[in-house]
Amino acid sequence: MRWSRDLVAAALLIGAASGIPHTAHAADDVCKLEISGNDLMQYDKKELAVSGDCTQVQVTLKHAGTLPKEAMGHNWVLVRAADLSAVANAGMAAGLQNNYVAPGDKRVIAATKVIGGGESATVTFPTSVLKKGESYMYLCTYPGHNSSMRGTFKFG
Ligand code: CO
């Protein structure tokens, strides 16, 4: 089954509603990554790597610039490398109201919302949706950004 952001949201809501303490997931190894974007249409990292020992990945995107999301929006979207262009094109058509990610796009493995200068956004997803040996990339799907805002995501 492919991961979807809706499932993440649902899982988080269920966890919050049932009052399950975080320690209930003590067996989880949540690996945290950070990446930032700037007003020059750049990420600060060309590569992110996650160990196969991680059960969950938490990616925090920070916008180190000052421009608003309407002018210099950034998100962080994880895809198979083979899907990058198609996801970027579909995202452009979906518009800012959809965070430049086509609703229900099954090729999107994980995605943050689009943020502007001074803001941050986080997405968490399980490594069970990843396969060792597959080639993954991350990108910003704001129109025109992915040619410079992309990087390699290594897993395993
Ligand atoms: Co961007």
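Position numbers for residues start from 1 in each chain and track the written sequence from start to end. Side-chain atom pairs in this predicted model are given and counted only at pLDDT of 80 or more, local residue features only at pLDDT of at least 70, and totals for whole chains, interfaces and linings cover all residues. Think of the side-chain values as coming from all heavy atoms in the structure, minus any hydrogens and water.

Colleague: When you look at the nonpolar core in this model, what are you seeing that I'm missing?
Modeller: Note that soluble globular proteins tend to have their nonpolar side chains buried in a common cluster. Throughout, nonpolar core names a set of buried Ala, Val, Leu, Ile, Met, Phe, Trp, Tyr and Cys residues whose side chains join them through atoms within 4.5 Å. We call a residue buried when its accessible area falls under 20% of the maximum for its residue type, exposed when it is over 50%, and partly exposed in between, using a 1.4 Å probe and counting protein chains only. In terms of nonpolar packing, the biggest core is built from 29 residues, with Trp76, Leu78, Phe125, Leu130 and Phe153 touching the most fellow members. Those elements that provide at least two residues to this core are strand E1 (30-37), strand E2 (47-50), strand E3 (56-63), strand E6 (120-126), strand E7 (136-139) and strand E8 (150-155). Judged by nonpolar contacts, the second largest core, of 10 residues, contains Val77, Val79, Val87 and Ala88. Here a strand is any run of E in DSSP of at least two residues, a helix any run of H or I of at least four, and the numbering for each starts at the N terminus.

Colleague: Would you mind showing me how to read the coordination of the cobalt ion here?
Modeller: Note on metal geometry: ideal angles are 109.5 degrees for four donors arranged tetrahedrally and 90 or 180 degrees for six donors arranged octahedrally. Surrounding the cobalt ion are the protein donor atoms Gly73 (O), His74 (ND1), Cys140 (SG) and His145 (ND1), at 2.1 to 2.5 Å. For Na, K and Ca the donor cutoff is 3.2 Å, while for all other metals N, O and S atoms must lie within 2.8 Å; water is not among the atoms, so some sites may look incomplete. Irregular is the label for any site that misses the other tests, which are tetrahedral for four donors with all angles between 85 and 135 degrees, and square planar for four donors or octahedral for six when opposite donors exceed 155 degrees and the remaining angles lie between 65 and 115. In this structure, the cobalt ion is coordinated by 4 donor atoms arranged in irregular fashion, with angles at the metal of 79 to 131°. Every donor residue of the cobalt ion comes from the same chain, spaced as G-H-x65-C-x4-H. The exposure classification of Gly73 matches that of His74, with both residues buried.

Colleague: Just to check I follow, could you spell out the sheet that holds strand E5 (residues 110-111) for this structure?
Modeller: Each strand in a sheet pairs with another by means of backbone hydrogen bonds, the pair being arranged parallel or else antiparallel. The pairing criterion for strands is at least two bridges between them, as found by DSSP. Read from one edge to the other, the open sheet built from 5 strands follows the order E2-E8-E7-E4-E5, with strand pairing classed as mixed. Strands with a single pairing partner mark the edges of an open sheet, and in this sheet they are E2 and E5. Any two residues whose heavy atoms approach within 4.5 Å at even a single point are treated as in contact. The angle between two axes is taken between their N-to-C directions and runs from 0 to 180 degrees, where each axis is a line fitted to C-alpha atoms and a helix contributes only its stretch in contact. Contacting strand E4 (77-80), E7 and E8, helix H3 (residues 84-94) crosses the sheet at an angle of about 135° to E4.

Colleague: Looking at this model, I keep getting lost on the state of the cysteines. Mind explaining?
Modeller: Each disulfide consists of one covalent bond between the sulfur atoms belonging to two cysteines. By disulfide we mean two sulfur atoms from cysteines, separated by a distance within 2.5 Å. In the structure shown here, the tally under the stated rule is 1 disulfide. Here Cys31 is linked by a disulfide to Cys54, with a sulfur-sulfur distance of 1.9 Å. A torsion of -90° about the S-S bond marks the disulfide between Cys31 and Cys54 as left-handed. Of this pair, Cys31 sits in strand E1 while Cys54 sits in the loop between E2 and E3, placing them 23 residues apart in sequence. In terms of burial, Cys31 and Cys54 fall into one category: buried.

Colleague: Would you take a moment to explain H3 for this structure?
Modeller: One full turn of an α-helix is made of 3.6 residues, so residues set three or four places apart face in the same direction. Buried residues of H3: Leu84, Val87, Ala88, Gly91 and Ala94, and no others. One face of H3 carries all of its buried residues, which in axial projection span an arc of 120°. One or two positions beyond H3, positive phi appears at Gly95, with a value near 85°. The directions from the helix axis to the C-beta atoms are what the arc is built from.

Colleague: Honestly, the pattern of salt bridges in this entry has me stumped. Any pointers?
Modeller: Side chains that differ in charge, positive against negative, can pair when their charged atoms come close. Any carboxyl oxygen of Asp or Glu within 4 Å of a side-chain nitrogen of Lys or Arg constitutes a salt bridge here. Summed over all chains, the structure comprises 5 salt bridges. A salt bridge links Glu134 to Arg80, with the shortest nitrogen-to-oxygen separation between them at 3.9 Å. Of this pair, Glu134 sits in the loop between E6 and E7 while Arg80 sits in strand E4, and the two are 54 residues apart along the sequence. A relative accessible area of 27% means that Arg80 is categorised as partly exposed. Residue Asp105 pairs with Arg107 through a salt bridge whose shortest N-O separation is 2.9 Å. By relative accessible area, which is 30% here, Arg107 ends up partly exposed. The structure contains a network of salt bridges with shared partners spanning Arg80, Asp83 and Glu134.

Colleague: What exactly am I supposed to notice about the environment of Gly37 here?
Modeller: Structurally, Gly37 is set in strand E1. Between the C-alpha atoms of Gly37 and His74, which are 37 residues apart in sequence, the distance is 6.8 Å. If sequence neighbours within four positions are ignored, Gly37 has contacts with Gln42, Tyr43, Leu61, Lys62, His63, Ala64, Gly65, His74 and Met149.

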